[in-house]
Amino acid sequence: MTDKVAIITAAGRGMGAATARRLAADGYRLVLMSLSDNAARVAEELGGVGISGSTANAADLEALVKAALDAYGRIDAVVTHTGGPPKGDLLAIDDDAWHHGLDLVILLVQRMARLVTPVMQAQGGGVFLNITTFSAFEPDLRFPVSSVLRAGVGAYAKLYADRYGKDGIRMNNLLPGFTDSLDLPAGIAEPAALKRIGRVDEIAATAAFLLSDGAGYITGQNIRVDGGYTRSV
């Protein structure tokens, strides 16, 4: 058990909710946010704090951090997770969609880092974990905005790790493959070595490890949890 406090965005369902439940089982006190009121329901179930808000809205992220500090006075872990950015044919995606994707993906990480890093520095350490996608380093035309911008999160995590490692703060990215959080077509996971989609509890277990002291020497990394879907080594 632990007295640590974790923030999780997009925590109302799927990987976010599964991670919340796993961290609650590990003893974390939780502060959750989702666009709907689902995060508040999950938080009530787990004895935490939940608010509604958008990962693309800076004011909502400020409110989330304030809720954590008001409730618990500290923040030990931040899990950034968000809905999928806009999709479409590559050149048909307009500028507004790209800018919205930037808010959802890269600026979510930057804004949370800006808000929470001073808190973690004052505490003597902390951990960020960004849940991104397998296509961050093997771009997929089905997910053009996501592939491009989440590759950027990979670079950001390395820069952040280099800058704030001396303060005892780590940042890593978790890159899931296809999971049972979505209604997926049959055969979509056939290219994966394990020939199946992943379970959200498997993603949550990896997230819990990367946040734990057992992963204390891991930072600036992109950890693929995709059943062997991607091919590069």
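Shown above is the structure to which this text applies.
Procedures and definitions
Residues numbered from 1 in each chain as written. Predicted model: local features only at pLDDT ≥ 70, side-chain atom pairs only at ≥ 80, totals over all residues. Heavy atoms only, no water. Helix = DSSP H or I, 4+ residues; strand = E, 2+ residues; numbered from the N terminus. Contact = heavy atoms within 4.5 Å. Pairing = 2+ DSSP bridges. Right-handed = clockwise from strand over helix to strand, strands pointing away. Axes fitted to C-alpha atoms, helices over the stretch in contact; angles between N-to-C directions. Parallel < 35°, antiparallel > 145°, perpendicular 65-115°, else oblique. Left-handed = near helix turned anticlockwise from the far one by under 90°. Nonpolar A, V, L, I, M, F, W, Y, C, P; charged D, E, K, R; others polar. Salt bridge = Lys/Arg side-chain N within 4 Å of Asp/Glu carboxyl O. Buried < 20%, exposed > 50% of the residue type's maximum accessible area, 1.4 Å probe, protein only.

K.L.:
What is the right way to look at the environment of Ala161 in this model?
P.N.:
Note that Ala161 resides in helix α6 (residues 144-164). In this structure the C-alpha to C-alpha distance between Ala161 and Asn172, which are 11 residues apart in sequence, comes to 8.1 Å. Here Ala161 is in contact with Met171, Thr219 and Gly220, once residues within four sequence places are set aside.

K.L.:
Help me out: how do you make sense of the pairing of strand β7 (residues 222-225) in this one?
P.N.:
Looking along a regular strand, one sees the side chains alternate between the two faces of the sheet. When strand β6 (residues 169-176) meets β7, the two strands line up parallel, connected through four bridges. Residue pairing in the sheet places Pro176 in a bridge with Val225 of β7. Remark: the β6/helix α7 (residues 200-211)/β7 crossover connection has left-handed handedness.

K.L.:
Please explain unusual backbone geometry as it appears in this structure.
P.N.:
Within the chain, Ala10 stands out as a residue other than glycine whose phi angle is a positive 50 degrees. Although it is not a glycine, Lys195 sits at a positive phi angle of roughly 60 degrees. Residue position: Lys195 is located in the loop between β6 and α7.

K.L.:
Mind showing me how you'd approach the packing of helix α5 (residues 106-123) against α6 here?
P.N.:
Remark: α5 packs on α6, axes separated minimally by 10 Å, with the N-to-C direction vectors making an angle of 20 degrees. By the angle between their axes, α5 is roughly parallel relative to α6. Of the two elements, α5 crosses α6, and the hand of that crossing is right-handed. Contact residues: Ile106, Val109, Gln110, Ala113, Thr117 and Gln121 in α5; Leu149, Gly152, Val153, Tyr156, Tyr160 and Tyr164 in α6. The residue makeup of the contact of α5 with α6, split by class, is eight nonpolar, four polar and no charged.

K.L.:
I would appreciate a short explanation of the pattern of salt bridges in the present structure.
P.N.:
Should the charged atoms of two oppositely charged side chains come close, the side chains can pair. Here the structure, examined in full by the defined rule, presents 15 salt bridges. Residue Arg74 is joined to Asp76 by a salt bridge in which the shortest nitrogen-to-oxygen separation is 2.7 Å. Residues Arg142 and Asp140 are paired through a salt bridge, measuring 2.6 Å at the closest nitrogen-oxygen approach. Classification of Asp140 as buried rests on a relative accessible area of 15%. Within this structure, Arg196, Arg199, Asp201 and Glu202 form a network of salt bridges that share partners.

K.L.:
How should the sheet that holds β6 be read in this particular structure?
P.N.:
Pairing between the strands of a sheet comes from backbone hydrogen bonds, and it takes one of two forms, parallel or antiparallel. Pairing within the open sheet is parallel, and its seven strands lie in the order β3-β2-β1-β4-β5-β6-β7. If you trace the sheet from one side to the other, it starts and ends with β3 (49-52) and β7, each paired once. Between one strand axis and the next, the sheet turns by 15 degrees as a mean value, whatever way the strands run. The pairing of strand β1 (residues 5-9) with strand β4 (residues 77-80) spans three bridges and is parallel. Within β4, the position partnered with Ile7 by the bridge is Val78. Along the sheet, helix α3 (residues 58-72) contacts β1, β2 (29-34) and β3; its crossing angle with β2, the most-contacted strand, is approximately 160 degrees. On the sheet, α7 packs against β4, β5 (126-131), β6 and β7 and is oriented at approximately 165 degrees with respect to β6.

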